[in-house]
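This is what each chain is made of:
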Amino acid sequence: MSALSAVRIVIVGAGPAGYFAAQALLNQEDKPVLVDMIEKLPTPWGLVRSGVAPDHPKIRTVSKVFEKISEDPRFRLMANVEIGKDVTVAQLQDAYDAVVFASGADLGRTLGIPGEDLPGAMTAAEFVPWYNAHPDFADFKVNLSGKRAIVIGAGNVAMDVGRLLAVEPEELASTDISDIALEVIRAGNITDVTIVARRGPEHAAFTSPELRDLLELEHTNVVVSSADVNAAHTRLESWEVIPKDVRQNMEAFTKLTTDAPTGNRRTLEIKFFLAPLKIIGTNHVEAVRFAVNGIRGTDVVATGEEVTFPADLVVSAVGYTSEGIDGLPLERGKVRNLDGRVQDETGAHIPGMYVVGWAKRGPSGVIGTNKSDATQVMERLLEDLGTGSGVPRNGITPPPHAIDLAGWKLINEREIARGGETRPRVKFPIRTELIQNAR
Ligand code: NAP
């Protein structure tokens, strides 16, 4: 294949969606392609590096797939390169046959209730990258000196955050958690963690493997009220169809009411039907007030009752949104698109512009969801390109500070070496350190 006849495609964002898009392009045989990947951080892998919980190392093994994709000679990584600062969207449009945005959704949705700005209250979009050594959060301050933490939301991110706060710190010492976070967690006093859902067990967004995992905790009691679970089973009797994920979650909840660990100093509790109203505190979080919800027919409604629980830390894990990228139309936290084709304000496809992953669909789905999704969008892209514009594209010249695959491999090897015999890796938490170690 000659580089001249190949179509040049640039992917913006080196997370799972970006890599799966690259894989789909490189694996097809209809059209010769050259793929560049631009990433604003000095390191690739997106949420696989800075989202996945450190005590879930199996989920991180998908990085092996990303490593394999990166070895393809038609693939080029340019990390530490930022759109809007180092290169503009318009320049990418000029330099490539197609631009694929895989830029994710990295801002935490807020609750829109009073007290969210109090010290001690934060979103999972801050807390999670902090414990995963994301360089933008190296200076983020987390105070774990109190005893009680409340995590708001009933999805897998709330579960990760709740579990991480509730396990014995030494259980994290053999993981790739940030050293900064590990030190704060070790010195901290959190022993009582409550995950709070605004609806019932049958509505929870957790997935059942994550719920079943709680049965394996060695040093943490898990409390789920059997009254809540039994009431949900009763309600389900009137459902015409019980979706498989609800059935599996209910099985896991039921097991948790009987077989969950007990007798430990630490507790992780899941409470239901409580909608946050206000985070209370003078100079720091002290409590959270909730509206007590109930069920009327099939609707979740406020009962008019309120309860207040003391809290020293509040993490809201109620989904993500995005600020967007200059030059890209944004709609409700997603890049405006139809089936991955980026649209302008009139709804017309902007030629050569595509979007995959959370930037396309919003923040839902597990890592694997991005594979089928990105593959479909890349099929559309190749179809649209047809025989190409005929104008040869040269791609961009990486700026001098760009980190290429060789640079990333140095960071990777050095982090793994720092992990020694006991940890998978010890991440460099500071951006300048990452950059130095790429040389
Ligand atoms: P999610 O699954 O969409 O869950 C968000 C939760 O926040 C829901 O329980 C939602 O309740 C609740 N919520 C929203 N607004 C709220 C409000 N104002 N007050 C109280 N609760 C509110 O989102 P996520 O946990 O951020 O996860 C994002 C995606 O990543 C999911 O697809 C998840 O499965 C995936 N993920 C997977 C793993 C894993 O596989 N181990 C780990 C982490 C994340 P309602 O349902 O009532 O709206």
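Residues numbered from 1 in each chain as written. Predicted model: local features only at pLDDT ≥ 70, side-chain atom pairs only at ≥ 80, totals over all residues. Heavy atoms only, no water.

**Q** Explain the nonpolar core to me, please; I cannot follow it from the model alone.
**A** Core analysis: the largest hydrophobic core is formed by 58 residues, its most contacted members being Y131, L165 and F253. In this view, F253 contacts P201, A204, F206, L211, V224, V229, I270 and F272; residues no more than four positions away in its chain are not counted. Judged by nonpolar contacts, the second largest core, of 43 residues, contains L25, M37, M378 and I411. (Core = buried A, V, L, I, M, F, W, Y, C linked by side-chain atoms within 4.5 Å. Buried < 20%, exposed > 50% of the residue type's maximum accessible area, 1.4 Å probe, protein only. Contact = heavy atoms within 4.5 Å.)

**Q** What exactly am I supposed to notice about the site of the ligand here?
**A** Taken together, 24 residues form the shell around the ligand, and within it N156, R198, R199, E210 and G365 come nearest. One of the backbone nitrogen or oxygen atoms of V157 is found 3.1 Å away from an oxygen atom of the ligand. A distance of 2.7 Å is found between an oxygen atom of the ligand and a backbone nitrogen or oxygen belonging to G365. Its free accessible area being 920 Å², the ligand has 80% of it covered by the protein chains. The element that contributes the greatest number of residues to the shell around the ligand is helix α7 (residues 156–166), accounting for three residues. Of the residues belonging to the shell around the ligand, the class tally is 13 nonpolar, six polar and five charged. Composition of the shell around the ligand by domain shows at least three residues from each of domain 1 (7–106 + 322–437) and domain 2 (107–319). (Near = heavy atom within 4 Å. Polar contact = N/O pair within 3.5 Å; in protein donor to acceptor, adjacent residues only side chain to side chain. Areas by Shrake-Rupley, 256 points an atom, 1.4 Å probe, with all protein chains shown as cover. Helix = DSSP H or I, 4+ residues; strand = E, 2+ residues; numbered from the N terminus. Nonpolar A, V, L, I, M, F, W, Y, C, P; charged D, E, K, R; others polar. Domains from an automatic or database assignment.)

**Q** Help me out: how do you make sense of the sheet that holds strand β12 (residues 287–296) in this one?
**A** Within a sheet, neighbouring strands are paired by backbone hydrogen bonds and run either parallel or antiparallel to one another. Judged by pairing direction, the sheet is antiparallel, and its three strands sit side by side in the order β11-β12-β13 without closing on themselves. Every interior strand has two partners, whereas the edge strands, β11 (274–280) and β13 (299–310), have only one. Between one strand axis and the next, the sheet turns by 20° as a mean value, whatever way the strands run. Relative to β12, β11 is paired through six bridges, and the arrangement is antiparallel. Each bridged residue has a counterpart across the sheet, and for P276 the counterpart in β12 is F290. (Pairing = 2+ DSSP bridges. Axes fitted to C-alpha atoms, helices over the stretch in contact; angles between N-to-C directions.)

**Q** In this structure, what is going on with the packing of aromatic side chains? I would like to understand it.
**A** Given two aromatic rings, one states the distance between the centres and the angle between the planes to describe the pair. Under the criterion given, the structure shown has 11 aromatic pairs. For the ring pair W45 and W408, a centre distance of 5.1 Å and an interplane angle of 80° mean the geometry is edge-to-face. Taken together, the positions of W45 in the loop between β2 (33–39) and α2 (47–50) and W408 in helix α15 (residues 405–419) put the pair 363 residues apart, joining distant regions of the chain. Neither W45 nor W408 differs from the other in exposure class; each is buried. Each ring, one from F137 and one from F140, has its centre 6.1 Å from the other, and the planes form 75°; the classification is edge-to-face. (Phe/Tyr/Trp six-rings, centres within 6.5 Å; stacked < 30°, edge-to-face > 60°.)

**Q** Would you explain unusual backbone geometry in this entry?
**A** Glycine aside, the phi torsion of most residues is negative, and most peptide linkages are trans. Within the chain, W45 stands out as a residue other than glycine whose phi angle is a positive 90°. Positive phi values are uncommon outside glycine, yet N80 reaches one of about 65°.

**Q** Hey, could you run me through the pattern of salt bridges in this one?
**A** Between side chains of opposite charge, a pair can form as their charged atoms come close. Summed over the entire model, instances satisfying the criterion amount to 25 salt bridges. A salt bridge links E269 to K271; its shortest N-O distance comes to 3.5 Å. In this structure, D384 engages R341 in a salt bridge whose closest nitrogen and oxygen atoms are separated by 2.8 Å. You can see D384 sitting in helix α14 (residues 369–385) and its partner R341 sitting in strand β19 (residues 341–343), a full 43 residues away along the chain. Classification of R341 as partly exposed rests on a relative accessible area of 22%. It is possible to trace a salt-bridge network through shared partners that takes in R49, E415 and R425. (Salt bridge = Lys/Arg side-chain N within 4 Å of Asp/Glu carboxyl O.)

**Q** Can you walk me through the sheet that holds strand β18 (residues 337–338) in this structure?
**A** Within the open sheet, the seven strands sit side by side as β3-β2-β1-β4-β20-β19-β18. Their pairing is mixed. Each edge of the sheet is formed by a strand with only one pairing partner; in this case those strands are β3 (75–79) and β18. The sheet strands contacting helix α1 (residues 16–27) are β1 (7–12), β2, β3 and β4 (98–101), and the helix crosses β2 at an angle near 170°.

**Q** How should the pairing of β1 be read in this particular structure?
**A** Every other side chain in a regular strand lies on the same face of the sheet, so the side chains alternate between the two faces. Burial within β1 is extensive, with six of its six residues counted as buried. Both faces of β1 are covered, namely the face carrying V7, I9 and I11 and the face carrying R8, V10 and V12. Judged from the six bridges that link them, β1 and β2 form a sheet pairing that is parallel. Within the sheet, the bridge partner assigned to R8 lies in β2 and is L34. Crossover handedness for the path β1 to α1 to β2: right-handed. Where β1 meets β4, four bridges bridge the pair, whose relative direction is parallel. (Right-handed = clockwise from strand over helix to strand, strands pointing away.)

**Q** Before we go on, may I ask you to explain the side chain of H203 in this structure?
**A** Mapped onto the elements of the fold, H203 is located in the loop between β8 (192–196) and α10 (208–213). You can call H203 buried: its relative accessible area is 18%.

**Q** Before we go on, may I ask you to explain the domain arrangement of the protein chain in this structure?
**A** As a measure of interface size, the accessible area lost when the parts come together is often cited. Splitting the protein chain by domain gives domain 1 (7–106 + 322–437) and domain 2 (107–319). Using only C-alpha atoms to locate each centre, domain 1 and domain 2 end up separated by 31 Å. Contact residues are listed per partner, giving 27 residues for domain 1 and 26 residues for domain 2. Overall, the association of domain 1 and domain 2 removes approximately 2,200 Å² of surface from exposure, summing both partners, and the carbon and sulfur fraction of that is 54%. Contact with domain 2 buries surface across domain 1, with P54, R423 and P429 losing the most and accounting together for 26% of the total. Seen at the junction of domain 1 and domain 2, the total is four salt bridges. The residue R60 makes a salt bridge to D176 at a minimum N-O spacing of 2.9 Å. In this assembly, domain 1 and domain 2 are joined by 12 residue pairs in polar contact (both at pLDDT 80 or more). (Buried area = accessible area lost by both parts, 1.4 Å probe.)

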